[in-house]
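These are the residues of each chain, in order.
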Amino acid sequence: MDTNEHVIEVTDLRRVYGGGFEAVRGISFHVDRGEIFALLGTNGAGKTSTVELLEGLARPDGGRIRVLGHDPHADRAAVRPRTGVMLQEGGFPSELTVAETARMWAGCVSGARPVGEVLSLVGLAARAGVRVKQLSGGERRRLDLALALLGDPEVLFLDEPTTGLDAEGRRDTWDLVRALRDSGTTVLLTTHYLEEAENLADRLAILHEGRIASAGTPAEVTAAQPSRITFRLPEGYFVGDLPPLAELGVSEHEVDGPLVRLRTHELQRAATGLLVWAERAGVDLHGLDVRSASLEEAFLGIAREASRRTADAEVEA
């Protein structure tokens, strides 16, 4: 089997709600077999609207979707048995136990895996006899995931999979998702936890106002944002005493008393030049902090830039 097969293909996808609001505005991307792909974006960016279309819950208002080679809405009978879906909220009957809920769901799934096996995968085996209403929010999310895995899906859609989980539960879920990916399952997830996307996703797309503002591997997306160097100058020194910042590859700088913040796309060059100057000058740069941009910084920077472009376009119009 071709491991580079596009399991999900999205071309110029559009979704319009009543009143003419365009929630998804012509986005295109693909997801390869055995890949974890994350859709990120602020509230209202179009993530959930996009995932609902991929799951076949609605028909697009424009563009084309293929999941496992089929239109997920028109060919739902061919796609649904091969996919698993974890919604933001499952809406389980509160009086049923965990095991009863899973058995009920298994009756609706083709070739369901043993209930005990799936509950063990998500860490709920010891809670099998507990009523759903007695579960914590994090345990309900684990049950959501268990039901999505019952059919041993080729494609798994995870909508905010770790909301409500504690740190340990989140890490356990990450390990499980990676294991699924390594076994060949294709995973598309949405998340508000940027650390989660940075740790899990092979590739990602950041949505803003219904459009893809940036896409690529987490490293590629963050590389587009400047790195940061922060330090305090010793008493009696000023930013003008530093080597010319442009020669260090510094694109922006801020000064707040003795505190200096530099931004650069050439982190090694800037840091090396700064440290060489400090050594020659015989000074200590207190609180020195040198770091590449995080996905969070890239996300916020992309959102700000996209908002600025939108505002400029509205002014021109």
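This text follows the structure it describes.
Quick caveat: nothing in here was measured; it's all calculated off a predicted structure. (Residues numbered from 1 in each chain as written. Predicted model: local features only at pLDDT ≥ 70, side-chain atom pairs only at ≥ 80, totals over all residues. Heavy atoms only, no water.)

Engineer: Account for the overall build of the protein, with residues named and values stated.
Structural biologist: Helices and strands together make up the secondary structure of the protein, namely 10 helices and 13 strands. By principal-axis analysis of the C-alpha atoms, the protein measures approximately 75 × 50 × 40 Å. Within the span of the protein, comprising 317 residues, buried residues form 46% of the whole. For the protein, restricting intrachain contacts to residue pairs at least 6 apart in sequence, the fraction spanning at least 24 positions comes to 67%. Total accessible area on the protein stands at roughly 15700 Å², and carbon and sulfur atoms take up 48% of it. The distance from the centre of the 35 positive side-chain charges to the centre of the 49 negative ones in the protein is 4 Å. (Helix = DSSP H or I, 4+ residues; strand = E, 2+ residues; numbered from the N terminus. Buried < 20%, exposed > 50% of the residue type's maximum accessible area, 1.4 Å probe, protein only. Contact = heavy atoms within 4.5 Å. Areas by Shrake-Rupley, 256 points an atom, 1.4 Å probe, with all protein chains shown as cover. Lys, Arg positive; Asp, Glu negative; His and termini not counted. Charge placed at Lys NZ, Arg CZ, Asp CG, Glu CD.)

Engineer: Tell me what's going on with helix 6 (residues 167–182), and back it up with residues and numbers.
Structural biologist: Note that an α-helix has 3.6 residues per turn; residues three or four places apart therefore point the same way. Spanning 16 residues, helix 6 covers 23 Å between terminal C-alpha atoms, matching the ideal 22 Å at 1.5 Å per step. Buried within helix 6 are the following residues: Gly169, Arg170, Thr173, Trp174, Leu176, Val177, Leu180 and Arg181. End-on, the buried residues of helix 6 take up no more than an arc of 165°, which puts them together on one face. Residues of helix 6 that are exposed and point over 90 degrees away from its buried face: Ala167, Glu168 and Asp182. Those residues of helix 6 that are buried lie in contact with strand 3 (36–41), helix 4 (115–121), helix 5 (137–149), strand 6 (155–159), strand 7 (186–190) and helix 7 (194–200). Directly after helix 6, the chain includes glycine 184, whose backbone phi takes a positive value near 110°. (Expected span 1.5 Å × (residues − 1). Arc of directions from axis to C-beta.)

Engineer: How would you summarise the pairing of strand 5 (residues 83–86) if you had to cite specific residues and measurements?
Structural biologist: On a regular strand, each side chain points to the face opposite its neighbour's, so the side chains alternate between the two faces of the sheet. Of the two faces of strand 5, the one carrying Thr83 and Val85 and the one carrying Gly84 and Met86 are both buried. In terms of strand pairing, strand 5 meets strand 6 through four bridges, oriented parallel. When the sheet's bridge partners are listed, valine 85 is paired in strand 6 with phenylalanine 157. (Pairing = 2+ DSSP bridges.)

Engineer: Help me get a handle on the environment of aspartate 61, residues and values and all.
Structural biologist: As for its position among the elements, aspartate 61 is in the loop between helix 1 (47–54) and strand 4 (62–67). With a relative accessible area of 48%, aspartate 61 lands in the partly exposed category. Considered as a pair, aspartate 61 and valine 16 are 45 residues apart in the sequence and their alpha carbons are 6.2 Å apart. A polar atom in the side chain of aspartate 61 sits 2.6 Å from the backbone nitrogen of valine 16. (Polar contact = N/O pair within 3.5 Å; in protein donor to acceptor, adjacent residues only side chain to side chain.)

Engineer: Tell me about the environment of phenylalanine 29, and please be specific about residues and values.
Structural biologist: Mapped onto the secondary structure, phenylalanine 29 falls in strand 2 (residues 21–32). Take phenylalanine 29: its relative accessible area is 10%, and that puts it in the buried class. If near-sequence neighbours (up to four positions away) are discounted, phenylalanine 29 is found in contact with Ile8, Glu9, Val10, Phe37, Leu39, Thr50, Leu54, Leu188 and Ile212.

Engineer: Give a description of unusual backbone geometry that names residues and reports values.
Structural biologist: Positive phi values are uncommon outside glycine, yet aspartate 12 reaches one of about 50°. You can see aspartate 12 is positioned in strand 1 (residues 6–17). In this structure, glutamate 209 is a non-glycine residue whose phi angle is positive, near 50°. Here glutamate 209 is to be found in the loop between strand 8 (203–208) and strand 9 (211–216).

Engineer: I'd like a description of the packing of helix 5 against helix 6, backed by residues and values.
Structural biologist: The contact between helix 5 and helix 6 brings their axes to 12 Å, and the two run at 10°. By the angle class used here, helix 5 and helix 6 are roughly parallel. Seen from helix 5, the contacting residues are Arg142, Leu145 and Leu149; seen from helix 6, they are Gly169, Thr173, Leu176 and Leu180. Of the residues in the contact of helix 5 with helix 6, the class split is four nonpolar, two polar and one charged. (Axes fitted to C-alpha atoms, helices over the stretch in contact; angles between N-to-C directions. Parallel < 35°, antiparallel > 145°, perpendicular 65-115°, else oblique. Nonpolar A, V, L, I, M, F, W, Y, C, P; charged D, E, K, R; others polar.)

Engineer: With reference to specific residues and values, describe the sheet that holds strand 5.
Structural biologist: Taken in spatial order, the six strands make up an open sheet running 5-6-7-3-8-9, and their pairing is mixed. Every other strand in the sheet has two partners, leaving strand 5 and strand 9 as the edge strands with one partner each. Strand-to-strand twist in this sheet, taken as the mean axis angle between neighbours without regard to direction, amounts to 15°. Bridge analysis of strand 3 against strand 7 gives four bridges, and the strand direction is parallel. Bridge pairing links leucine 39 to threonine 190 in strand 7. This element, helix 1, spans strand 3, strand 6, strand 7 and strand 8 of the sheet and lies at about 140° to strand 3. The sheet strands contacting helix 6 are strand 3, strand 6 and strand 7, and the helix crosses strand 3 at an angle near 130°.

Engineer: Residue-level account of the nonpolar core, with values.
Structural biologist: Core analysis: the largest hydrophobic core is formed by 44 residues, its most contacted members being Leu40, Leu119, Leu143, Leu149, Leu158 and Leu204. By residue number, the principal contributor to this core is helix 5, which donates six residues. Aside from chain neighbours lying at most four places away, what touches leucine 119 is Val98, Ala99, Leu124, Ala125, Ala128, Leu143 and Ala146. Ile27, Phe37, Phe157 and Leu188 belong to the second-largest nonpolar core, a separate cluster that totals 26 residues. (Core = buried A, V, L, I, M, F, W, Y, C linked by side-chain atoms within 4.5 Å.)

These values are about where atoms sit, not about what they do.
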